[in-house]
Amino acid sequence: MKNREIARLLHEISVLLEVEGKNKFKPRAFARAARSVEALGEDIEAVAARDALTEIPGVGKSIAEQIQEYLATGKMSTLEKLRQRIPVKVEELEAIPGVGPKTIKLLYESLKITDLESLERAINEGHLKGLRGIGPKTITQIAEGIALVRGVMSRTLLSEALPIADAIVEHLKSSAPVTRIDVAGSLRRRKESVGDIDILVLSERPTDVTDAFVSYPDVSDVLLRGDTKTSIRLTNGLQVDLRLLPIESYGAGLQYFTGSKDHNVHLRTIAQRAGMKLNEYGLFKGEELVAGAEESEIYQSLGLQFIPPELREDQGEIEAAKVGRLPSLVELDDIRGDLHMHTDYSDGVNTLEEMVEAAEALGHEYICIADHTKSLTVAKGMDEEQILRRIDEIDDLNSSGRWHVRVLKGAEVDILPDGTLDLEDDVLYQLDVVTVSVHSKMQMGRATMTERIIRAIEHKHVHILGHPTGRKLFKRPAYDVDIEAIFEAARGSGVAMELNAYPERLDLGAGHLRLAKRMGIRIAINTDAHRTSELHNMRFGVFQARRGWLEADDIINTRSLDELFRFLKK
DNA sequence: GCCGTTTTCGGCCCGACTGTTTTCAGTCG
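Computed from a prediction, not measured in an experiment: that's the story for all the values here.

**Student:** What is the right way to read the confidence of the model for chain A from this model?
**Tutor:** Segments scoring low in pLDDT should not have their predicted coordinates read at a detailed level. Here chain A averages 91 in pLDDT, while 99% of its residues score no lower than 70. Helix H9 (residues 136–150) is the least confidently modelled element of chain A, averaging 83 in pLDDT, while strand S17 (residues 523–526) averages 98, the highest of any element.

**Student:** Honestly, the pattern of salt bridges in this entry has me stumped. Any pointers?
**Tutor:** Should their charged atoms come close, side chains of opposite charge can pair. This structure, assessed with the given rule, holds 34 salt bridges. The salt bridge involving Asp211 is made with Arg225; its shortest N-O contact spans 2.8 Å. In this pair, Asp211 sits in helix H12 (residues 206–214) while Arg225 sits in strand S5 (residues 219–225), placing the two residues 14 residues apart along the sequence. Classification of Asp211 by relative accessible area gives partly exposed; the value is 35%. With a shortest N-O distance of 3.7 Å, Asp422 and Lys374 are connected by a salt bridge. Note that Asp422 is positioned in the loop between strand S13 (406–414) and helix H19 (425–428) and Lys374 in the loop between strand S12 (366–372) and helix H18 (384–399), a separation of 48 residues in sequence. Overall, the relative accessible area of 5% leaves Asp422 in the buried class.

**Student:** Explanation requested: the protein's contact with DNA strand B in the structure shown.
**Tutor:** By nearness alone, 44 residues border DNA strand B, and Thr103, Gly135, Tyr256, Lys261 and Arg268 come closest of all. Lys229 is positioned with one of its backbone polar atoms (N or O) 3.0 Å from a phosphate oxygen of DNA strand B. Elements supplying a minimum of two residues to the surface near DNA strand B: helix H2 (25–40), helix H4 (61–73), helix H7 (101–111), H9, S5, helix H14 (261–273) and strand S8 (277–279). Broken down by class, the residue content of the surface near DNA strand B amounts to 16 nonpolar, 14 polar and 14 charged.

**Student:** So what exactly am I meant to see when it comes to the packing of aromatic side chains here?
**Tutor:** For any pair of aromatic rings, geometry is given as the distance between the ring centres together with the angle between the planes. Tallied over the full model, the rule gives three aromatic pairs. Their ring planes at 75 degrees and their centres at 5.7 Å tell us that Tyr299 and Phe306 sit as a pair that is edge-to-face. Note on Phe306: relative accessible area 38%, which makes it partly exposed. Across the ring face of Phe543, the terminal group of Arg190 is positioned such that the distance to the ring centre comes to 4.4 Å. Here the guanidinium or amino end of Arg514 rests over the ring plane of Trp549, the centre of that ring lying 3.9 Å away.

**Student:** Honestly, the layout of surface pockets in this entry has me stumped. Any pointers?
**Tutor:** Gaps between atoms show up when a probe of the same size as a water molecule is rolled over them. Estimated volume of the second largest pocket: approximately 340 Å³. Taken together, Arg28, Ala29, Ala31, Arg32, Arg35, Gly58, Lys261, Asp262, Val265, His266, Thr269 and Asp314 form the lining of the second largest pocket. Counting only elements with at least two residues in the lining of the second largest pocket, the list comes to H2 and H14. By residue class, the composition of the lining of the second largest pocket is three nonpolar, three polar and six charged. Built from parts of two domains, the lining of the second largest pocket gets at least three residues from each of domain 1 (1–86) and domain 4 (249–322).

**Student:** Any chance you could explain the sheet that holds strand S4 (residues 196–202) here in plain terms?
**Tutor:** The pairing of strands in a sheet happens through backbone hydrogen bonds and is either parallel or antiparallel. If you walk across this open sheet you meet the five strands as S2-S4-S7-S6-S5, and the pairing is mixed. Where the open sheet ends on each side, the last strands, each with one partner, are strand S2 (180–184) and S5. Neighbour-to-neighbour, the strand axes of this sheet turn through a mean angle of 20 degrees, independent of strand direction. With five bridges connecting them, S5 and strand S6 (residues 229–234) associate as antiparallel partners.

**Student:** How should the environment of Arg35 be read in this particular structure?
**Tutor:** Considering the arrangement of structural elements, one finds Arg35 in helix H2. The spacing of Arg35 and His11 is 24 residues in sequence and 8.0 Å in space, taken between C-alpha atoms. Sequence-distant contacts of Arg35, defined by excluding residues within four places in its chain, comprise Lys261 and Asp262.

**Student:** Teacher, can you tell me more about the domain arrangement of chain A here?
**Tutor:** One frequent convention defines the size of an interface as the accessible area lost when the parts assemble. Domains assigned within chain A are domain 1 (1–86), domain 2 (95–153), domain 3 (156–244), domain 4 (249–322) and domain 5 (332–569). Taking only C-alpha atoms into account, the centre of domain 2 sits 50 Å from that of domain 5.

**Student:** Looking at this structure, how should I read H7?
**Tutor:** What sets the pattern is the α-helix's 3.6 residues per turn: residues three or four places apart point alike. Inspection of H7 places Pro101, Thr103, Ile104, Leu107 and Tyr108 among the buried residues, and these make up the whole buried set. All buried residues of H7 fall inside an arc of 165 degrees around its axis, so they share one side. Within H7, the exposed residues directed more than 90 degrees away from the buried face are Lys102 and Glu109. On its buried face, H7 is in contact with helix H1 (3–20), helix H5 (77–85), helix H6 (90–94) and helix H8 (116–124). Among the residues trailing H7, Lys112 stands out with phi positive, at a value near 55 degrees.

**Student:** I would appreciate a short explanation of the packing of helix H17 (residues 352–361) against H18 in the present structure.
**Tutor:** Packed helix pairs are characterised by how far apart their axes lie and by the angle those axes make with each other. Interhelical geometry of H17 versus H18 gives an angle of 45 degrees and a closest axis separation of 12 Å. By the angle between their axes, H17 is oblique relative to H18. In terms of crossing hand, the pair formed by H17 and H18 is right-handed. Every residue of H18 that contacts H17 at Leu352, Glu353 and Val356 is listed here: Arg390, Glu393, Ile394 and Leu397. Residues belonging to the contact of H17 with H18 are distributed by class as follows: four nonpolar, no polar and three charged.

Cut-off values and rules
Residues numbered from 1 in each chain as written. Chains lettered and ligands numbered in written order. Predicted model: local features only at pLDDT ≥ 70, side-chain atom pairs only at ≥ 80, totals over all residues. Heavy atoms only, no water. pLDDT = per-residue confidence, 0-100. Helix = DSSP H or I, 4+ residues; strand = E, 2+ residues; numbered from the N terminus. Salt bridge = Lys/Arg side-chain N within 4 Å of Asp/Glu carboxyl O. Buried < 20%, exposed > 50% of the residue type's maximum accessible area, 1.4 Å probe, protein only. Near = heavy atom within 4 Å. Polar contact = N/O pair within 3.5 Å; in protein donor to acceptor, adjacent residues only side chain to side chain. Nonpolar A, V, L, I, M, F, W, Y, C, P; charged D, E, K, R; others polar. Phe/Tyr/Trp six-rings, centres within 6.5 Å; stacked < 30°, edge-to-face > 60°. Lys NZ or Arg CZ within 6 Å of the ring centre and 35° of its normal. 1 Å grid on protein atoms, 1.4 Å probe; cavity = no way out; pocket = protein on both sides within 12 Å on 5 of 7 lines; lining within 4 Å. Points joined across faces, edges and corners; volume = space filled by probe spheres on them. Domains from an automatic or database assignment. Pairing = 2+ DSSP bridges. Axes fitted to C-alpha atoms, helices over the stretch in contact; angles between N-to-C directions. Contact = heavy atoms within 4.5 Å. Arc of directions from axis to C-beta. Parallel < 35°, antiparallel > 145°, perpendicular 65-115°, else oblique. Left-handed = near helix turned anticlockwise from the far one by under 90°.

Below you can see the structure in the form of structure tokens.
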């Protein structure tokens, strides 16, 4: 998907326009479009193909043309021209905390600074001294910021950030009087990765909370400290913001700091049109506070259904809330089983019995053991003989009466490069659940890869396509594949798409899930656990499902075992 | 450049914090 790179380029245009300083609002328009493309999820090439780019919020005729030009030629002429006029490495300089377009403009125009290197040189040679608006503190801040940028600051996986946030919340609760405390920001929206952590607190003794916050054991730096806002950096580089809120504004603050930015801007315009004003202190009619203490009151007072945080991306949720059409999102409690996990028969760590015991402790009604097949030698894939032996073991285990959880017989069958399956049909037919996945030759071209996967899912005994795009966050892009064509084929043959809950996969993404839902495709949320502890990752799958607007009905492992078997019979 | 229950022009979210300022600009979220 080219969404992220297009978002980056649009953002660069926005900054360069601001550096140029001609029109105040044009940069904002590009910035908005950039965020919107990034939040899109659906492959932007697919959107372009059906001529629907201007349906993306913030994308009009002109920006749509830029995107189309880029998809056709790999270039955006607006950006090329801007770069010629202002040859500044925006992305590098902007990453320095405290440096924005105005500073970039100043540095470029007065000192011809274009990148980290020339900036560092200028600092060392003392050239920044005496620049208007740049004092000694700013120079120090920039110097430290350069080191920080070089230290590869990036986003943190949700699965890493969530426990850190929980630990800080526990620390604050145990060391200061706290009436209410919430984690807000993209973490509350359950984005697959987050840039920082936002914690909101209501307390009768706010100074004590701030003291406790800055003395959290893992703090490396206190970035700023004020009466209502304090920021720290942890030793791992992650930034955490603490906001102290007054009781009458707590809900408004929670709403505001949960975001997303575009969701909030949209809400504010709705408030404006209704003759009101919305900010982090509340919803106001003139001086009068209409709503503020509870988040739900804000939405109610604007004539909207309550919008779950996972949907707050300004991707149609506000329009849906206006007419009472928000989905009733799936919850972790709706999940009755897990259809994809490994044991020590292939590359898992734990034994069959250990996995069953752990699944039973989680309250699952059924699980499916889906070890790899023989061509995946690095994962000790099983051949037909081993699978048959495994089938007998599971039959024995189910009839032993030792467990309540029903164990289904399955395999994660490799899709070979030509689209055939890595297991003989007569063995395949003895399995309850057949998941097929690509694990090799991931670089093949779009058309070939699409055909390969379609051929596999059209096999009449296949039930689920595992990790459909193959992406790994921060590590590996998705296979180049026509996902819509695959969904089409899946609908035709009654195959479900997996939502792989592994925190660095979360494959499918939110946009693809929405597309699948619109097309009537069923989803299986599976952990792909390789050890007992990973069975807990189901929650990350559910978070992602919610971001994809999924309801319990869209998901096959929310069903009773009988209903599940009906689906599996096709 | 985008957008529309104020619709094809004329607006465009809003406040905290910091540093460098004698009253405010820039950044951030």
